[in-house]
Amino acid sequence: MELRVDRERCIGAGMCVLTAAGVFDQDDADGRVVALITAPTHDQESDVREAAQMCPAGAITLLTH
Ligand code: SF4
């Protein structure tokens, strides 16, 4: 699974950070999402899927290969 975030879409709601703390962070300067990793481990996948569903801006995309 590959994780992509669209910082242009992100509105800085922070839901992703609360849902998957080791995967997402927020930029100190503008509050927008920062992906700490691009390839979630198996253990992180369910949290990342949940974060993608919860994101109010649709800024989180998951690609399965
Ligand atoms: S949940 Fe979506 S809008 Fe909120 S910080 Fe994360 S990527 Fe941005």
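Now for a quick tour of the structure. None of the values given here were measured: they were computed from a predicted structure. Counting restarts for each chain: residues are numbered from 1 in the order of the written sequence. Local features are withheld for residues below a pLDDT of 70 in this predicted model, meaning they are given only at 70 or higher, and side-chain atom pairs are given and counted only at 80 or more; totals for whole chains, interfaces and linings count all residues. In computing side-chain values, all of the structure's heavy atoms are included and hydrogens and water are not.

As for the overall build of the chain
A run of H or I in DSSP counts as a helix once it spans at least four residues, and a run of E counts as a strand once it spans at least two, with each numbered from the N terminus. Along the backbone of the chain there are 2 helices and 4 strands. Over its C-alpha atoms, taken along the principal directions, the chain stretches across nearly 30 × 20 × 15 Å. Note on exposure labels: buried denotes an accessible area under 20% of the residue type's maximum, exposed denotes more than 50%, and partly exposed covers the range between, all computed with a 1.4 Å probe on protein chains only. The buried share among the 65 residues of the chain stands at 28%. Contacts between residues were defined by any pair of non-hydrogen atoms, one from each residue, lying within 4.5 Å. Sequence-distant contacts, at least 24 apart, represent 58% of the contacts inside the chain between residues at least 6 apart.

With respect to the site of the ligand
The rule for a residue being near a molecule or strand is that one of its heavy atoms must lie within 4 Å of it. Close to the ligand lie 13 residues; Cys10, Ala13, Gly14, Cys16 and Cys55 are nearest. Structurally, the ligand is housed in the largest cavity. Charged means Asp, Glu, Lys or Arg here, nonpolar means Ala, Val, Leu, Ile, Met, Phe, Trp, Tyr, Cys or Pro, and polar covers whatever is left, Gly included. Across the shell around the ligand, the residue classes tally to 11 nonpolar, 2 polar and no charged. Here the term cavity refers to a set of points on a 1 Å grid, laid over the protein atoms alone, in which a 1.4 Å probe fits but cannot get out; the term pocket refers to an open set having protein on both sides within 12 Å along at least five of seven lines, with lining residues being those that place an atom within 4 Å of a point. Think of it this way: if more than half of a molecule's atoms are within 2 Å of a pocket's grid points, that molecule is in the pocket or cavity.

As for empty space enclosed by the protein
Grid points are joined across faces, edges and corners, and a volume is the space filled by probe spheres set on the points. Within this structure, the stated rule accounts for 1 cavity of 30 Å³ or more. Considering only enclosed or pocket space, the largest cavity measures out at about 110 Å³ in volume. Together, 16 residues line the largest cavity, and Cys10, Ala13, Gly14, Cys16 and Cys55 are the ones closest to its centre. Classifying every residue of the lining of the largest cavity gives 11 nonpolar, 4 polar and 1 charged.

As for the pattern of salt bridges
Pairing is possible between side chains of opposite charge, provided their charged atoms come close. Any carboxyl oxygen of Asp or Glu that lies within 4 Å of a side-chain nitrogen of Lys or Arg is treated as forming a salt bridge with it. Here the structure, examined in full by the defined rule, presents 5 salt bridges. Residue Asp6 pairs with Arg9 through a salt bridge whose shortest N-O separation is 3.9 Å. Overall, Arg9 belongs to the partly exposed group, its relative accessible area being 48%. Arg49 is the partner of Glu45 in a salt bridge, and the nearest nitrogen-oxygen pair spans 3.6 Å. In this pair, Glu45 and Arg49 both sit in helix α2 (residues 45-54), 4 residues apart, roughly one turn of the helix.

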